[in-house]
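Secondary and tertiary structure notes
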Amino acid sequence: VIYVYEIVDESTITLRHTLTNPNSTGTSQFWGNRLDAYGDYIVVGDSTGNRVHVYQISTMSGSTISSADYTITESTASSSFADDVAIDRGWIVVGDPGVNNSNGCAYVYNISTFSASKINMGQSVNIDKDQIVVSMSGYNETASSQGRMMLYDKSNFTTTNVSSPDAFYDNPFDQQYFGGPGNNLVAIHQDAGLAAVCHQYYDAGAGILQGRVYVTDFNGNLKRILESPDAGADDRFGTTCVFTPSG
């Protein structure tokens, strides 16, 4: 099994989920000894079953998870497929040292191949008076803009199903998890005329997840970029954002 813990604070670590082998056929498979995680995803190599299981943390429900969100297999792979796995910024690498007469190879996948239909609209929401803000962290994952903040004025609503926002602000960088994963990652204040969206996975360079918060007006025009006072630190600034009552 695999245990998934949440670091609540410096003194509290809580067990949230237990992942069990979706294809268990015995107790000698050592499932879970080849895994990696990045952002909202966990990848687990099952070299006995010659497959890779992919889990999305934000969609996990319940204490025990018995099935993966996605499963990767290769018809041309050897019995060593998934001997090792790795994930970073939406890219998955799977090792197969036994293929091609044991010359070996590595398979490379993009997570959007599996989850392109999941744009994660509504992963984080906020409302103040007539103004509504909604994150869509999976928007346009295969292009240069990964994630969108949607802005609505409910006084303009004329139908039950509203298919288009009044305005929006797109992620200015080709980096994942803009406005996600998680909640309290967008905020809005009607009197101040401002909205905000967190990007805790903003990479300041060299793999440093510094984080940012973008502040816009209700037309989606950028007004401010808030950055960590400890510039350059891997501290994921922007894990949540709020406006004070005065804006």
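Residues numbered from 1 in each chain as written. Predicted model: local features only at pLDDT ≥ 70, side-chain atom pairs only at ≥ 80, totals over all residues. Heavy atoms only, no water.

**Some thoughts on the pairing of strand S13 (residues 148-153)**
Here is the key point about a regular strand: its side chains alternate between the two faces of the sheet. The buried fraction of S13 is high, at six of six residues. Residue alternation in S13 divides its side chains into two sets, Arg148, Met150 and Tyr152 and Met149, Leu151 and Asp153, and both sets are buried. Note that strand S12 (residues 131-136) and S13 share six bridges and pair antiparallel. Residue pairing in the sheet places Gln131 in a bridge with Asp153 of S13. By the bridge criterion, four bridges tie S13 to strand S14 (residues 167-170) in an arrangement that is antiparallel. For Arg148, the partnering residue across the bridge sits in S14 and is Asp170. (Buried < 20%, exposed > 50% of the residue type's maximum accessible area, 1.4 Å probe, protein only. Helix = DSSP H or I, 4+ residues; strand = E, 2+ residues; numbered from the N terminus. Pairing = 2+ DSSP bridges.)

**Section: unusual backbone geometry**
Of note in this structure, Asn50 is not a glycine but carries a positive phi near 55 degrees. Here Asn50 is to be found in the loop between strand S4 (41-46) and strand S5 (51-56). In this structure, Lys129 takes a positive phi of about 60 degrees despite not being glycine. Within the fold, Lys129 resides in the loop between strand S11 (121-128) and S12. On the accessibility criterion, Lys129 (47% relative accessible area) is partly exposed.

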